[in-house]
Amino acid sequence: LDPRYRRARAARGWVLLGQGLWDDAAGAFRPLTTEAPGEAEGWHGLGMAELSAGRFEPASAALARAAAAAPDDPQVWSDLGVARMNGGSAEGAVEALAAARRLAPRDPGVAFRLAQASAAAGLWVEADEVLNVAFDLEPALADLPEFEELRQRILANLPEPAAAP
């Protein structure tokens, strides 16, 4: 199909997504996944519509296709991490968010989500390290109740330092 048509369909999908019309947005993006299956935008939009609707398994599948099509897009990887986290796969979320962090090392939101996923996966030392990075990048994060709750949960689960010989 004409690339202008695909861009117009994608733009319509993003507008519908912004309006909270998840199923209509999914309907706008779904044809793009068959018309241009190697392009990320259709998969990304479909994944975001599914994620917004609370359908985490299809969201993760679509976002994984988007990440395969756009391996250098940190937003796609971050969204995949969120979908996997919400779907109960903390380890899968860590993998996707670590990829997003490698691509966008100065993004405090990505660092914070990676800390959340690492904590959910029981990777307490890693969660502590990346939460500190998130704070260094954006100190205002400390004003969020979920930041403090995560910090307290991490501190409670960090291993005790080894005693000096």
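Above this text is the structure in question.
Anyway, here's the lowdown on the structure attached to this text.

Definitions and limits used
- Residues numbered from 1 in each chain as written.
- Predicted model: local features only at pLDDT ≥ 70, side-chain atom pairs only at ≥ 80, totals over all residues.
- Heavy atoms only, no water.
- Axes fitted to C-alpha atoms, helices over the stretch in contact; angles between N-to-C directions.
- Helix = DSSP H or I, 4+ residues; strand = E, 2+ residues; numbered from the N terminus.
- Parallel < 35°, antiparallel > 145°, perpendicular 65-115°, else oblique.
- Left-handed = near helix turned anticlockwise from the far one by under 90°.
- Contact = heavy atoms within 4.5 Å.
- Nonpolar A, V, L, I, M, F, W, Y, C, P; charged D, E, K, R; others polar.
- Phe/Tyr/Trp six-rings, centres within 6.5 Å; stacked < 30°, edge-to-face > 60°.

Their axes nearest at 8 Å, the elements helix H5 (residues 74–86) and helix H6 (residues 90–103) cross at an angle of 165°. Taken together, the axes of H5 and H6 are roughly antiparallel relative to one another. Helix-helix and strand crossings are classified by hand; for H5 and H6 the assignment is left-handed. In this structure, H5 uses Pro74, Trp77, Ser78, Leu80, Gly81, Arg84 and Met85 to contact H6, whose residues at the interface are Ala90, Gly92, Ala93, Glu95, Ala96, Leu97, Ala99, Ala100 and Leu103. Its residues assigned to classes, the contact of H5 with H6 comprises 11 nonpolar, 3 polar and 2 charged.

The next subject is the packing of aromatic side chains. Counted by the stated rule, this structure contains 3 aromatic pairs. Taking 5.0 Å as the distance between ring centres and 70° as the angle between the ring planes, the aromatic pair formed by tryptophan 14 and phenylalanine 29 counts as edge-to-face. With tryptophan 14 in helix H1 (residues 3–18) and phenylalanine 29 in helix H2 (residues 22–35), the pair connects residues that are 15 residues apart, well separated along the chain. Relative to phenylalanine 147, the ring of phenylalanine 135 lies with its centre 6.2 Å away and its plane at 40°, an arrangement referred to as tilted. Of this pair, phenylalanine 135 sits in helix H8 (residues 124–137) while phenylalanine 147 sits in helix H9 (residues 145–157), and the two are 12 residues apart along the sequence. Three or more aromatic residues link up through ring pairs in this structure, and these residues are Phe112, Phe135 and Phe147.

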